[in-house]
Structures are given as C-alpha cells and as structure tokens.
Amino acid sequence: MADILEISEVSKTYDLDGENPVQALDRVTLDVAEGEFVSVIGPSGCGKSTLFNIVGGLIAQYEGSVRIDGRAVDGAHRDVGVVFQEESTFPWRTTLDNVAFPLEVQGMGKPERDERARKFVSLVGLEGFENHYPAQLSGGMKQRTAVARTLAYEPRIMLLDEPFGALDEQTRMLLGDKMLEIWAALNQTMLLITHNITEAVQLSDRVVVMSFRPGKIKEVISIDLPRPRSSEVISTPKFGEYVGRLWTLLREEASRGMVEAEAELAAR
Amino acid sequence: MAQAGVMAAAPAAGADREATVFRIRALTVVCLLAAWEGLAALGSLEILYGDVIPSSWKIAVAIWGEITAADFYRDLGITFAEHIVGFVVGSAIALALGISMGLNPLLRKAIEPYLNAIGSTPKIIFLPILFLIFGTGIDSKMAKGALSAFFPVVFSTALGMILINPVLLRVGKSFNLNRWHTVTKIYIPAMVNPVITGLRLGMAITVIGVLVAELKFADGGLGYRLGNYYEQFRIAEMYAIILIIFALAAVANMGMTRLQVYANRHQGGSGAHSLSVATN
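Note that this is a predicted model, so its numbers are computed, not measured. What you see as residue numbers is a count from 1 along each chain, following the sequence as written. Here chains are named by letter from A upward and ligands by number from 1 upward, in the order in which they appear as written. Only residues with pLDDT of at least 70 get local features here, since the model is predicted, and only at 80 or more are side-chain atom pairs given and counted; chain-wide, interface and lining totals rely on the full set of residues. With hydrogens and water set aside, each side-chain value is computed from the structure's full complement of heavy atoms.

S.K.: I'd like to hear about the overall build of chain A, residue by residue, with values.
M.R.: In terms of helices and strands, chain A carries eight helices and 10 strands. Both definitions apply: the radius of gyration is a C-alpha atom measure, and the globule rule equals 2.2 Å times residues to the power 0.38. A globule of 268 residues ought to have a C-alpha radius of gyration of about 18 Å, and chain A, at 19 Å, matches this closely. Taken over 268 residues, chain A has a buried fraction of 53%. Two residues form a contact once any of their heavy atoms are found within 4.5 Å. Expressed as a percentage of contacts within chain A between residues at least 6 apart in sequence, the contacts between residues at least 24 apart total 70%. Reported accessibility uses the Shrake-Rupley method at a 1.4 Å probe radius. Residues are deemed covered only where the shown protein chains occlude them. Here chain A has roughly 12,000 Å² of accessible surface; of this, 50% comes from carbon and sulfur atoms. When charges are counted, neither His nor the chain ends are considered; positive counts come from Lys and Arg and negative counts from Asp and Glu. The location of each charge is read from NZ of Lys, CZ of Arg, CG of Asp or CD of Glu. Of the side-chain charges in chain A, 29 are positive and 41 negative, and the distance between the mean point of each set is 2 Å. Comment: elements are numbered from the N terminus, with helices defined as DSSP H or I runs of at least four residues and strands as E runs of at least two. For every residue, the accessible area obtained with a 1.4 Å probe (protein chains only) is divided by the maximum for its type, and the residue is called buried under 20%, exposed over 50%, and partly exposed between those limits.

What follows is the structure, given as structure tokens:
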C-alpha cells in the first residue's frame with residue numbers, strides 16, 4: 001500500500017516571549033499507509049496536538065517536511081478532516097443539516113447534499129434522528145454526528161482528536177466498534193490522538209508512543225490482532241499483553257510529565 | 001427501574017403543578033381586587049385616602065372613555081412613533097458597535113470602560129441635555145428612547161460575539177471556510193439568541209425612557225396624558241392610562257418572547273423562559 005502521509009524529521013519550537021523556547025516536537029518521522037488506522041499516544045505535553053495542527057495545516061511554520069499524497073503541507077488545505085474532543089455540532093442545525101454542512105459550503109445543491117448526508121447519518125447509526133437538534137441527542141450521538149459530518153467532507157485523512165475522551169467508558173467502547181465498522185466500510189485513513197491505552201489497542205493497526213517534552217517518537221508498536229475486530233477482543237491475552245507493553249512505555253513519560261506539571265504549579 | 005417510575009409519573013405531576021400554579025395566580029388577582037375594592041370603599045366613606053383609590057368600576061369606565069376618545073389615539077400614536085424610532089435607531093447603532101467590538105478586541109478594550117460607566121448610570125440624568133439639544137417636542141423623546149435602547153443591545157451583542165463557542169470556529173477552519181461563510185454560517189446563527197435577548201431588554205427599557213421623558217416635558221404622548229391627569233387629580237383616568245400602558249408593554253413583551261422561543265426552537269424552547277422574569 002502506498003503511503004498517504006509522510007512526516008519526516010518534523011520539529012517545532014514555540015518561542016512565545018523570545019526568552020523561553022519550548023520544543024514541542026523533535027525530529028518526528030512517521031509514514032501512514034492509505035487505509036491505515038494509526039493512534040498517537042502520550043502524556044499531556046508530548047506534542048500530539050502540535051503534530052495534528054501541522055498535519056491539518058493549522059500550523060504552517062515548522063522544520064522538516066509533511067507530505068500528503070506527495071504534496072507538501074504548508075498551510076490550510078482540504079485533505080484533512082478533524083473530529084474534535086469537545087462537542088462541536090452546530091446547535092442550530094439538525095443532525096442532517098450538521099452532516100450536510102461541509103457539502104453546503106462547497107456549494108452542493110440541497111437534494112444532492114441531503115442524499116449524501118443521509119448515507120453518512122446511517123453509517124454512524126443515527127437513522128431516525130435526522131431531524132433532531134443536538135440538544136435532543138446524547139453526548140455519544142452528538143460525537144457520532146460530528147464524525148458523520150467529517151466523513152461527509154470526504155477527507156483523504158481523518159484526524160480524530162480524542163473524539164470520545166469526554167464520554168463514559170462503555171459508550172466509548174461501543175463507539176470504538178462503530179468506528180471500526182466505518183473504517184472497514186470506507187477504507188478511510190485515520191489518525192487518532194488518545195490518552196486511552198485500551199482505545200488505542202482496540203482500534204489501531206499501529207500505536208505511536210510519544211515521549212514527554214520534547215515530543216519524540218519513543219516507539220511504534222504494530223497491533224497484530226485479527227481484523228475485523230470488535231471490543232470483545234479486550235478479553236484475549238494478546239490484548240492484555242499490548243496494553244501492558246504500552247503502559248510500561250508510557251509510565252515513565254507520564255510520571256515525568258506529572259512531576260514537571262507539579263513543579264510548574266509550585267513555581268507559580 | 002426507579003428511573004422508569006419517575007419518568008412515567010412526571011407528566012401527571014407536571015399537570016398537577018400547572019393546575020396549582022393557575023389556582024395561585026387566579027387567587028392572587030381575586031385577593032388584589034378585593035383589597036383594592038376594600039381600600040376604595042374606605043376612601044369613599046372618607047375614612048382613608050379620600051379619592052386616591054377609585055373603585056375598579058370607575059377605572060373600567062375611565063378606560064372605556066380613553067379608548068373611545070380621539071385625542072387618546074393622537075397620544076398613543078406619538079408615544080408609539082417615539083418608541084419605534086428611538087428603539088430602531090438606538091439598537092441599530094448598538095448592533096453595529098457591538099459587532100465591531102466583537103470582531104476587534106482592541107476597539108473593545110479601548111471603549112469598554114466608557115460603555116460600562118455610562119451603561120451603569122441612570123440615563124435620566126441626560127434628560128436635561130437632551131431637552132436642550134432636541135427641544136421639548138417629539139425629537140427629544142426619540143433621542144431618549146435611542147439612548148435607552150442602546151446599552152442593553154450593545155452589551156449583549158458584544159458579549160454574544162465574544163462568547164461564541166471557539167470549537168465551532170475551529171470546525172469552520174477545519175472545513176476550510178472562507179471569511180464569508182464563517183460569518184454567514186457560524187457567526188450570524190450563533191448570534192441570533194444573544195441579539196434577540198438584547199433587543200427584548202432594549203425594547204422594554206425604551207418604553208421606560210420614552211415615558212419618563214414625556215412625564216417631564218412634553219406636548220403629547222401617553223406619558224404626557226398620564227402626567228396631565230395626575231396634575232388635574234383625575235385619578236380614575238390616571239389609573240386607566242397606567243393599565244393601558246401596562247397592557248401594551250405586556251403585549252410587546254409577549255411578542256418578543258414568542259420571537260425568542262421561535263429562534264431558540266432548537267434548544268427545546270427553554271432559552272427565553274429564564275429571561276422573562278428579568279425583563280418584566
């Protein structure tokens with residue numbers, strides 16, 4: 001399979017006041033194949049968000065190179081669609097109108113975009129809720145609406161920024177299964193940021209473990225669990241082994257992050 | 001299981017509550033009328049207050065007298081025109097300024113202290129200045145109305161702009177929205193509720209502003225009429241005008257509430273409710 005995303009030697013330093021430069025990313029190199037599901041996991045302050053913003057074209061100034069389908073990324077582009085952690089549905093739009101939003105701003109006519117949007121609404125399992133407003137939906141349904149909206153944009157790469165982070169564990173597991181179904185049905189390349197080790201193992205082909213500041217790739221682990229997969233896989237010994245291995249890698253980084261965060265609070 | 005039980009019981013309990021609320025409301029009106037009539041009776045026996053509290057029958061007759069008098073409609077028209085012109089001009093300027101403040105943080109920072117200072121001052125202190133500039137006719141009432149409408153609208157518009165959920169703007173960015181679509185598809189729909197809230201408050205406060213100015217110096221208008229009756233000690237007519245103004249304000253407020261409920265239909269119609277207490 002061809003690589004859809006090539007990240008090579010990407011570094012990014014923030015220097016807000018000109019005195020205390022903070023290196024967010026340090027020579028990060030990662031290739032993602034078309035149709036692959038890759039998770040990036042690491043403690044707060046490991047540069048995950050910076051990496052996403054660079055890939056998404058929201059940060060144009062960085063060192064190294066990012067290429068999508070061979071084209072260099074250096075600013076806003078339309079190859080990437082994002083699902084945010086926060087509730088991001090438009091409260092004044094129904095489910096269907098929310099999902100049709102990216103098509104509407106592209107200038108697609110109403111009958112055509114409604115038909116397209118309906119397909120994605122049913123793909124995320126929200127048939128029957130087309131005319132509901134977000135206030136009438138549960139948190140999980142709102143996130144599925146947001147997922148369908150980003151799918152309707154038909155991005156080359158879908159960036160999931162802890163989309164289920166605010167949901168309870170059981171809902172999150174079931175939505176994980178939904179994501180696996182969608183991923184298999186559309187062969188959609190997905191890149192997921194998460195804090196949740198179980199989620200990363202449940203969904204991914206590969207898990208990228210990042211280190212605490214400066215953000216470096218500590219290790220990339222291939223998750224060799226059978227596909228199609230569902231949340232039932234968590235009861236297998238192999239699943240437990242992956243979770244244990246990831247936690248061993250993350251533990252050190254997370255404690256470093258915690259110590260530094262506490263030191264910063266103490267210094268304030 | 002307990003959850004299901006509560007859910008099933010809720011509608012019945014709700015209907016019960018509604019009935020109780022209605023009974024309390026009806027009882028309040030009955031009690032007030034009885035107390036009023038009692039005081040009026042004491043007054044006509046010259047025990048208390050003389051003619052200060054006329055019987056409700058006298059007030060009803062006075063209301064009929066007002067709504068069948070030609071000059072009442074002249075005064076009503078004057079107040080209406082003053083209110084509408086003041087409200088439209090004041091809130092149009094406020095909307096423009098509020099939006100500019102939302103889009104331009106520098107402008108907001110620069111002028112916010114002045115707006116806060118003047119906004120929290122009773123606008124009645126500017127009344128002499130307005131009379132000096134615009135005269136004692138209809139113009140000064142329009143100016144007072146505009147001044148009254150301005151502040152609630154500018155504050156709620158600027159606040160609405162600032163408080164737009166930032167993740168919605170990030171969604172716009174992630175879909176590569178241009179400036180035009182960002183404004184028409186995100187800013188404007190997100191602003192509908194705060195702007196209507198501001199307009200509703202502005203409308204209520206404009207009524208006060210216009211009437212206060214009419215009571216002070218005027219040659220026409222409902223406030224002028226009210227002041228005249230007071231000075232001539234025509235108490236029943238005075239109450240008639242008060243009740244008519246009350247009814248008109250209530251109707252206007254109901255209209256704005258309807259508009260707000262309609263604009264908030266996606267929030268289950270709960271948006272306007274909590275505010276109706278504050279503005280009445």
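S.K.: I'd like a description of the environment of A:Lys238, backed by residues and values.
M.R.: With respect to the helices and strands, A:Lys238 occurs in helix H8 (residues 237-267). Each residue touching A:Lys238, except ones within four places of it in the same chain, is listed here: A:Asp224 and A:Leu225.

S.K.: I'd like a description of the confidence of the model for chain B, backed by residues and values.
M.R.: Residue and element names in this part refer to chain B. The predicted model of chain B averages 85 in pLDDT, with 90% of residues at 70 or higher. Averaged over each element, pLDDT in chain B is lowest for helix H11 (residues 273-279) (38) and highest for helix H3 (residues 70-103) (93). pLDDT measures the predictor's confidence residue by residue and takes values from 0 up to 100. Throughout residues 1-7 the model reports pLDDT below 50, and contacts reaching past four residues in sequence, or to other chains, amount to zero contacts. Here residues 269-280 is modelled with pLDDT under 50, and outside its nearest four sequence neighbours on either side it reaches 17 contacts, counting other chains as well. With a pTM of 0.76, the predicted complex shows an ipTM of 0.86.

S.K.: An account of helix H5 (residues 139-152) of chain A is requested, with residue identities and associated values reported.
M.R.: Residues and elements named next belong to chain A. Expected helix span is taken as 1.5 Å per residue step, with the number of steps being one fewer than the number of residues. When the terminal C-alpha atoms of H5 are compared, their 20 Å separation across 14 residues agrees well with the 20 Å that a helix rising 1.5 Å per residue should span. A large share of H5 lies buried, amounting to 13 of its 14 residues. In the stretch just after H5, Glu154 is the one whose phi turns positive, near 50 degrees.

S.K.: Tell me about the packing of aromatic side chains, and please be specific about residues and values.
M.R.: Here the aromatic set is Phe, Tyr and Trp, taking the six-membered ring for Trp, and pairing holds for ring centres within 6.5 Å; pairs whose planes are under 30 degrees apart are stacked, those over 60 apart are edge-to-face, and all others are tilted. Going through the model one piece at a time under the given rule, you end up with 10 aromatic pairs over all chains. When the ring of A:Phe90 is compared with that of A:Phe101, the centres are 4.6 Å apart and the planes differ by 50 degrees; the resulting orientation is tilted. With A:Phe90 in the loop between strand E6 (80-83) and helix H2 (95-99) and A:Phe101 in helix H3 (residues 101-105), this residue pair connects regions lying 11 residues apart in the sequence. Among the aromatic residues, ring-to-ring pairing joins A:Phe90, A:Trp92, A:Phe101, A:Tyr153 and B:Phe175 into one connected group. We note A:Lys12 situated over the ring of A:Tyr14; from NZ or CZ to the ring centre the distance is 5.4 Å. A ring is scored as having a charge over it whenever the NZ atom of a lysine or the CZ atom of an arginine sits within 6 Å of its centre and within 35 degrees of its normal. Here B:Lys123 stacks its cationic end above the ring of B:Phe151, 4.7 Å away from the centre of that ring.

S.K.: I'd love a proper account of the domain arrangement of chain B, names of residues and values included.
M.R.: All names here are of chain B. These domain limits were set by an automatic method or by a database of domain assignments. The assigned domain composition of chain B is domain 1 (11-53) and domain 2 (54-263). A straight line from the C-alpha centre of domain 1 to that of domain 2 covers 31 Å. The interface is formed by seven residues belonging to domain 1 together with eight residues belonging to domain 2. Carbon and sulfur atoms make up 56% of the area that domain 1 and domain 2 hide from each other, which totals about 540 Å². The working definition used for a salt bridge is a side-chain nitrogen of Lys or Arg within 4 Å of a carboxyl oxygen of Asp or Glu. Between domain 1 and domain 2 we count zero salt bridges in total. Each polar contact in these results corresponds to two N or O atoms within 3.5 Å; when the atoms are within protein, one needs to be able to donate a hydrogen and the other to accept it, and residues that are neighboring in sequence are counted only if both atoms are side-chain atoms. Where domain 1 meets domain 2, there are two residue pairs in polar contact (both at pLDDT 80 or more). Each residue gets one of three labels, nonpolar for Ala, Val, Leu, Ile, Met, Phe, Trp, Tyr, Cys and Pro, charged for Asp, Glu, Lys and Arg, and polar for the others, Gly among them. Each residue belonging to the side of domain 1 that touches domain 2 can be placed in one class, and the counts come to five nonpolar, no polar and two charged. Accessible area that two parts lose when put together, evaluated with a 1.4 Å probe and summed over both, is termed the buried area.

S.K.: Can you explain the pairing of strand E7 (residues 157-161) of chain A? Please cite residues and give values.
M.R.: Residue and element names in this part refer to chain A. Among the five residues that make up E7, five are buried, leaving the element largely enclosed by the rest of the structure. Burial of E7 is two-sided: the residues Ile157, Leu159 and Asp161 facing one way and the residues Met158 and Leu160 facing the other way are all buried. A pair of strands is treated as paired once DSSP finds two or more bridges between them. Here E6 pairs with E7 via four bridges, running parallel. Within E7, the residue paired with Val82 across the bridge is Leu159. Of the strand pairs in this sheet, E7 and strand E8 (residues 189-194) are connected by five bridges, and their pairing is parallel. Considered in E8, the bridge of Met158 is made with Met190.

S.K.: Which residues make up the interface of chain B and chain A, and what values do they have?
M.R.: Listed as interface residues are 18 residues of chain B and, on the opposing side, 24 residues of chain A. In this assembly, chain B packs against chain A so that about 1,900 Å² is buried in total across both faces, 69% of it on carbon and sulfur atoms. Considering only the side of chain B, the residues that lose the most area to chain A are B:Phe175, B:Lys185 and B:His266, jointly responsible for 35% of the buried surface there. Joining chain B to chain A, the criterion identifies two salt bridges. A:Glu86 is the salt-bridge partner of B:Arg170, the closest N and O atoms lying 3.2 Å from each other. Those elements that provide at least two residues to the side of chain B that touches chain A are helix H7 (166-174) and helix H8 (179-216) of chain B. A per-element tally of the side of chain B that touches chain A places H7(B) first, with six residues. Each residue belonging to the side of chain B that touches chain A can be placed in one class, and the counts come to eight nonpolar, six polar and four charged.

S.K.: Break down the sheet that holds strand E5 (residues 71-72) of chain A for me, with residues and values.
M.R.: Residues and elements named next belong to chain A. The strand order E2-E1-E4-E5 describes an open sheet built from four strands, whose pairing is antiparallel. Strands at the two margins of the open sheet, each flanked by one partner only, are strand E2 (22-33) and E5. Here strand E1 (residues 3-14) pairs with strand E4 (residues 63-68) via five bridges, running antiparallel. Paired with Ser11 across the strands is Glu63, a residue of E4. The axes are straight lines fitted to the C-alpha atoms, using for helices just the contacting stretch, and the angles between their N-to-C directions are given from 0 to 180°. Across the face of the sheet, helix H1 (residues 48-55) comes into contact with E1, E2 and E4 while running at roughly 125 degrees to E1.

S.K.: Talk me through the pattern of salt bridges; I want residue IDs and the actual numbers.
M.R.: The tally for this structure, following the rule as stated, stands at 28 salt bridges over all chains. Of the charged contacts, one joins A:Asp79 and A:Arg71 as a salt bridge, the two residues approaching to 2.9 Å between their closest N and O atoms. Given the relative accessible area of 46%, A:Arg71 is considered partly exposed. Across the pair B:Arg234 and B:Glu237 runs a salt bridge, and its minimum N-O distance is 3.6 Å. B:Arg234 gets classed as partly exposed once you look at its relative accessible area, which sits at 36%. Classification of B:Glu237 by relative accessible area gives partly exposed; the value is 22%. Here the residues in one salt-bridge network are B:Glu66, B:Asp71, B:Arg74, B:Asp75 and B:Arg225, joined through shared partners.

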